[in-house]
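Below are the chains, spelled out letter by letter.
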Amino acid sequence: MEVAQRDFWWGFEDKRGTYVTSWKNLRVYKDCGGQGFKDLKILNKALLVRAAWRICTNTDTHWGKAIQAKYFSCTSLLHAIVRTNFSWAWNGIQKQIEFIKQNSHWRLGKGDKIKVWLDVCVLGLDNPPVPREDITDRESYIRVQDLMLQDRQNWNSDLI
């Protein structure tokens, strides 16, 4: 895509001629003396990450519910299984979920959206916590809210 952008800028159709300056210099911001051309790969990634973030955070909107019903009806976007048989746009959004997971942190709130054994909700951990082997009812504590007392102000220290 950058080749087409360069050729259009310099007006080359048969790929003959002299380039006046390097493409690297043309991509410099206008304030710094360049032409301000965008790196299209970075721009595309930024737009896909923004779309994925909006889907994650706007789950109550009509369009958010429609996307969820079509692509990940039984779970959240962060826990959805990556599938390749969907549209190219959705595949691009799915690829950016890992970027969101690596570069964002959970806000605890009520704890109703954080899954204990799937989400990295403790700062400093690279992977979700692993339950102890002596815990027999792991499914009882699926969300963080299940580890809190009824007042939602304190942790249930017997479980933690």
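On a predicted model such as this, the values are computed, not experimentally measured, just so you know. Sequence positions are assigned chain by chain, starting from 1 and proceeding in written order. Confidence filtering applies because this is a predicted model: local features only for residues at pLDDT of at least 70, side-chain atom pairs given and counted only at 80 or more, and all residues used for totals across whole chains, interfaces and linings. No hydrogens and no water enter the side-chain calculation; it runs on all heavy atoms of the structure.

Some details on the overall build of the chain
We count it as follows: Labels follow the DSSP assignment, with helices taken as runs of H or I lasting at least four residues and strands as runs of E lasting at least two, numbered in each case from the N terminus. Partly exposed describes any residue whose relative accessible area lies between the buried limit of under 20% and the exposed limit of over 50%, with all areas from a 1.4 Å probe on protein chains only and scaled to the type maximum. In this analysis, two residues are considered to be in contact whenever any of their non-hydrogen atoms come within 4.5 Å of each other. The accessible surface values rely on the Shrake-Rupley method and a 1.4 Å probe; as for residues, cover is taken only from the protein chains in view.
Tallying secondary structure elements over the chain gives six helices and zero strands in all. Starting at the N terminus and walking to the C terminus, you meet the elements of the chain as α-α-α-α-α-α. Every one of the 160 residues in the chain was classed for burial, and the buried ones make up 22%. In the chain, 36% of the contacts between residues at least 6 apart in sequence involve partners at least 24 apart. Element-wise, carbon and sulfur atoms account for 53% of the exposed surface of the chain, whose accessible area totals about 12,600 Å².

A closer look at the nonpolar core
Where we set the bar: We call a set of buried residues a nonpolar core when its members are Ala, Val, Leu, Ile, Met, Phe, Trp, Tyr or Cys and they connect through side-chain atoms within 4.5 Å of each other.
Residues Leu48, Val49, Ala52, Ile55, Tyr71, Phe72, Leu77, Leu78, Trp90, Ile93, Ile97 and Ile100 constitute the largest nonpolar core, which totals 12 residues. Counting only elements with at least two residues in this core, the list comes to helix 3 (40-57), helix 5 (88-95) and helix 6 (97-102). Here the element with the most residues in this core is helix 3; it accounts for four residues. In this structure, Ile97 is in contact with Ala52, Leu77 and Leu78, ignoring residues within four places of it in sequence.

A look at helix 3
Test applied: How far a helix is expected to stretch is found by multiplying one less than its residue total by 1.5 Å.
Taking 1.5 Å per residue as the helical rise, helix 3 with its 18 residues ought to reach 26 Å, and the 26 Å between its terminal C-alpha atoms agrees with that figure. The inward-facing, buried residues of helix 3 abut helix 4 (62-71), helix 5 and helix 6.

What about the packing of helix 3 against helix 5?
Here is the rule we go by: Lines fitted to the C-alpha atoms define the axes, with helices restricted to the stretch that makes contact. Angles between their N-to-C directions range from 0 to 180 degrees. Throughout this description, any angle smaller than 35 degrees is read as roughly parallel, any larger than 145 degrees as roughly antiparallel, any in the 65 to 115 degree range as roughly perpendicular, and the remainder as oblique. Polar here means any residue outside two lists: the nonpolar Ala, Val, Leu, Ile, Met, Phe, Trp, Tyr, Cys and Pro, and the charged Asp, Glu, Lys and Arg; Gly therefore counts as polar.
Where helix 3 contacts helix 5, the two axes come as close as 8 Å, and the packing angle between them is 80°. Judged on the interaxial angle alone, helix 5 and helix 3 are roughly perpendicular. Packed against helix 3, whose contacting residues are Leu48, Ala51, Ala52 and Ile55, the element helix 5 presents Ala89, Trp90, Gly92 and Ile93 at the interface. Residues of the contact of helix 3 with helix 5, tallied by class, amount to seven nonpolar, one polar and no charged.

Digging into the side chain of Gln94
By the element assignment, Gln94 lies in helix 5. Among residues more than four places away in sequence, those in contact with Gln94 are Ile81, Val82 and Arg83.

Such coordinate-based values are descriptive only and should not be taken to indicate function.
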